[in-house]
Each structure stands twice: as C-alpha cells, then as structure tokens.
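# Descriptive structure summary
Here is how the chains run, residue by residue.
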Amino acid sequence: AGRFVVALDGPAAAGKGTIARALAARFGFAHLDTGLLYRAVGRKALAAGGGAIRPEDAIRAARALRAEDLQAPGLRDPQVGQAASQAAALPEVRAALLDFQRAFAARPGGAVLDGRDIGTVICPDADVKLFVTASDEVRARRRCAELRAGGAEATFEQVLEDLRRRDARDAAREAAPMKPAPDAVLLDTTKLSIDAAVAQAAALIERKC
Ligand code: C5P
C-alpha cells in the first residue's frame, strides 16, 4: 500500500473537480482542488489592488496564504477565476504554493489533486495521471449551469469567452503551463456522463493500487 497519488489536470470546467471528488470518496483519498489556492491568491490580490492584479500583491498573497483563505466567499466568481489565472502566471506565486501541494500529496492515506500542472510539476511521480478535457461548448454549458445553480447570472457566450481566455493564458504561460504529462491518460468527457468518466478513472486506479 503506502502513499498513492492521483494527478488530474485539464482546462477549466472539464469535469476534473467532480471526478476528483468521486474518486476521493470511492478510494478514501484526500482531495485538494489546487485551483482554490490560486483563486484565494487572486481574490486577495484583487482586493489589495482595488480591482486590478499587481504582481507584488499576488506574490505577497501567495506567501501569506492560510488554510482558512480557501473557505473565503466569492472564490468561484468568474472575475476571481481570471485574477487567479493572471496570478498563476507568476513563477513566484507558483513557488510559494508548491510545498503545501507536495505535503498534501504525501498524505499517508493517498491523495487526489486536481489542477493544471499536477502531473507535470507538482507530482511528476504520481501513480495515476489523467488529463481531462471536453469541447469548449460542453465545458461552457456545464459551467453556465453551475453558476446559475449557485444563483449567479451567466450567459453562455460570456462563460465561453471567460473559459477560452483563461485556457489560452494557462496554456501559453512560461511557468508550469497547462499541458498533459507525457505519461498522462487523456480522458475526453465531451460525450461521457460523470458516472462513465469516473468509472474509467477508477479502473485505471484499480489497476495500479
Ligand atoms: O481550477 P480552477 O479553474 O479553479 O483554477 C483557477 C486558475 O488557477 C486556473 O485558470 C489557472 O490559471 C490556475 N491554476 C494553475 N495551476 C493549478 C490550478 C489552477 O495555474 N494547478
């Protein structure tokens, strides 16, 4: 047995979070949504900069980040997502968040981490690596439904543009760009139900456990 690490990467709203939670429940792993770290940093930097992201604010926020910041309200707001993506392009911000993520991955009971660079940078030795994708339209439709369920107003066009902007920035940046690890399994959820996607991921884990 020992430690078991599952790395789930991919673009925004591809289904990583839902799959990660289901796998964590099924196998008894701890789950870390690493996007929340960057969102918490983005939120603090937005507040410090009066609505604009200044690198020095983002770096300071990342270095001072505490566990309770991950419970702050508003972390799921689209503007906080964009701020997170801007902050996430700064190498100093990424460096400040590294130890926390690696320590989480080392939990004795096993861990699943979802994000953009888990299989490439944070946990290059992960036991199972998945890169979860879906078409832009399907991702926008899902995120739209999520936002509306949470009581927010969201149009499909706005959400689609927001996702595309964030993905483009996340994939193009120099520091830990979003990309599949060479040994990652691609899981395209465009035409898969959540249950089917979870079943495929679970089968990979069972083979390695
Ligand atoms: O996953 P989520 O959409 O909540 O992440 C918000 C932003 O945080 C992403 O757009 C990305 O810029 C950044 N992020 C990252 N590396 C991770 C997780 C998130 O750069 N491992």
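Note that the structure is predicted; figures quoted are calculated from it, not measured.

Criteria and cut-off values
Residues numbered from 1 in each chain as written. Predicted model: local features only at pLDDT ≥ 70, side-chain atom pairs only at ≥ 80, totals over all residues. UniProt positions renumbered as here; feature names shortened; annotations may be inferred. Helix = DSSP H or I, 4+ residues; strand = E, 2+ residues; numbered from the N terminus. Contact = placed C-beta atoms within 7 Å. Buried ≥ 20, exposed ≤ 12 C-beta atoms within 10 Å, placed from the backbone. Pairing = 2+ DSSP bridges. Core = buried A, V, L, I, M, F, W, Y, C linked by C-beta atoms within 7 Å.

### Topic: the UniProt feature "binding site: ATP" (unreviewed entry) in the protein
In this structure's numbering, the residues bearing the UniProt feature "binding site: ATP" (unreviewed entry) are G10, P11, A12, A13, A14, G15, K16, G17 and T18. Within the secondary structure, A14 sits in the loop between β1 (5-9) and α1 (16-27). In contact with A14, not counting residues within four places along its chain, are V132, T133, A134, R139 and T189. Classification of G15 as buried rests on a count of 27 C-beta atoms within 10 Å. Excluding residues within four positions of it along the chain, G15 makes contact with V132, A134, T189, I194 and A197.

### Re the pairing of strand β4 (residues 128-133)
Counting buried positions over the six residues of β4 gives six, a clear majority of the element. Across the two faces of β4 the burial is the same, with V128, L130 and V132 and K129, F131 and T133 all buried. In terms of strand pairing, β1 meets β4 through four bridges, oriented parallel. Directly across from D9, in β4, lies its bridge partner F131. Across four bridges, β4 lies against strand β5 (residues 185-188) in parallel orientation. The residue bridging V132 from the neighbouring strand is L187, located in β5.

### Some remarks on the nonpolar core
Core analysis: the biggest nonpolar cluster contains 37 residues, and V6, L8, I19, L23 and L113 have the highest contact counts within it. Taken together, the elements giving at least two residues each to this core come down to β1, α1, β3 (111-115), α6 (118-122), β4, α7 (136-149), α8 (156-172) and α9 (194-208). Setting aside anything within four residues of it in sequence, one finds L8 in contact with K16, I19, A20, V112, L113, D114, I118, L130 and V132.

### A few points about unusual backbone geometry
With phi around 60°, A13 is a residue other than glycine that occupies positive phi space. Examined against the element boundaries, A13 turns out to sit in the loop between β1 and α1. Positioned with a positive phi, A176 is a non-glycine residue whose angle comes to about 45°. Note that A176 resides in the loop between α8 and β5. For A176, a count of 20 C-beta atoms within 10 Å puts it in the buried group.

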